Amino acid sequence: MRPLLRGVGSGWDGVMSTTPVIDVHQLNLAYGDFHAVKDLSFRVGQGELYALLGTNGAGKTSTLEIIEGHRKATSGTVSVLGHSPSDRGAVRSRMGIMLQESGFSPDLTVRETVGLIGGLSRRVDDVDRVIDVVDLKRKATTRVSQLSGGEKRRLDFATAVYGGPELIFLDEPTTGLDISSRDDLWRAVDRLREDGSTIVLTTHYLEEAQQRADRIGLMHRGTFHREGTVAELTQTLPAVIGFRLPAGSPPPPIPAAAASAGAFTVETFQLQFDLRVLLDWAHQQGLELADLHAGPTSLDDVFRAIGADPA
Ligand SMILES: Nc1ncnc2c1ncn2[C@@H]1O[C@H](COP(=O)(O)OP(=O)(O)OP(=O)(O)O)[C@@H](O)[C@H]1O
């Protein structure tokens, strides 16, 4: 039975497990005077797929490095699988980590690499089975240096999921993968989740997060801009109208955030009314609203809204 119900309940309350796999409380990390992570708190339940997303430099990698035990927090508490991340003996073999750059030895073959990294994990698995899962069977005796970018990414994934760890970190897992390899990877993730694995995902492919994540923590400048289920993130936000005006046009008749090259974005909870006002105004002014689009908020819109926020 799946350990949690997908898409029901509200945020953390929708997660049935009571013991979080990850529990981060008031986490802070400073690099000298610079506070990269500020009072960050969140929990990830068993079997969840939690997406940690954010703008560039938001603090995602720093946060994950602390949870993974690679970096010490300045203050705050972190519990992973019921232990401190520094208790490597208790947690390391239960976690699989797919980094953006693994830095495998270029002279080792695919099979040797999976065998070596898998062996170091102290989890038990069949090397050839794992290689087959990521569709690298035909490359089993190929050296890492001769793999394509997408093949290397699949090898990274293979080493992270070797032995079906309880907690798996996937950092930009599908970057460089073609569509069929992406589908294969997500099918493998689905199988791991059916077996109870908990997944923490970071990605800049927002559509994937929107489709796959049970909950999303959206970071900006060291803290959460928003956190919740996809529905919570998008439904509570206003709809968006976007358009461009020719240079020298008068300002729009409704509050609009100006972007580059005469582009404007309107956030509204009264989409039809504001759209009518805007179209009537454009008609009266004899202006064309280029690239006009209007619709409910997507994660892309949420990100764009962060970018437009000077705070
Ligand atoms: N070792 C370091 N020393 C000083 N500042 C650092 C260090 N590592 C990261 N930073 C800064 O901390 C902030 C957060 O960095 P981090 O890598 O955690 O962000 P991120 O959310 O993973 O970004 P991206 O999406 O661009 O990879 C950035 O402003 C970065 O420049």
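Residues numbered from 1 in each chain as written. Predicted model: local features only at pLDDT ≥ 70, side-chain atom pairs only at ≥ 80, totals over all residues.

The protein chain is annotated in an unreviewed UniProt entry as ABC transporter ATP-binding protein of Aeromicrobium alkaliterrae. According to UniProt, the comment filed for the protein chain under the heading Subcellular location (unreviewed entry) is "Cell membrane". (UniProt positions renumbered as here; feature names shortened; annotations may be inferred.)

**Considerations on the environment of valine 161**
By secondary structure assignment, the location of valine 161 is in helix H5 (residues 149–161). With 26 C-beta atoms counted inside 10 Å, the residue valine 161 sits in the buried group. In this view, valine 161 contacts Gly96, Ile168, Ala188 and Leu192; residues no more than four positions away in its chain are not counted. (Helix = DSSP H or I, 4+ residues; strand = E, 2+ residues; numbered from the N terminus. Buried ≥ 20, exposed ≤ 12 C-beta atoms within 10 Å, placed from the backbone. Contact = placed C-beta atoms within 7 Å.)

**Looking at the pairing of strand S12 (residues 263–268)**
Pairing of strand S10 (residues 239–244) with S12, which is carried by six bridges, proceeds in the antiparallel orientation. When the bridges of S12 are listed, alanine 239 appears paired with threonine 268. In terms of strand pairing, strand S11 (residues 257–258) meets S12 through two bridges, oriented antiparallel. Each bridged residue has a counterpart across the sheet, and for alanine 257 the counterpart in S12 is threonine 265. Taking the residues that link successive antiparallel strands as the turn, the S11-S12 hairpin has four residues, and the phi of alanine 261 there is positive, at about 50 degrees. (Pairing = 2+ DSSP bridges.)

**Focus: the site of the ligand**
Tyr31, Phe34, Ala36, Gly54, Asn56, Gly57, Ala58, Gly59, Lys60, Thr61 and Ser62 make up every residue found near the ligand. For the shell around the ligand, the elements supplying multiple residues, two or more each, are strand S2 (34–44) and helix H1 (60–67). Ranked by residues supplied to the shell around the ligand, first place goes to H1 with three residues. Taken together, the residues of the shell around the ligand sort by class into four nonpolar, six polar and one charged. (Near = placed C-beta within 6 Å. Nonpolar A, V, L, I, M, F, W, Y, C, P; charged D, E, K, R; others polar.)

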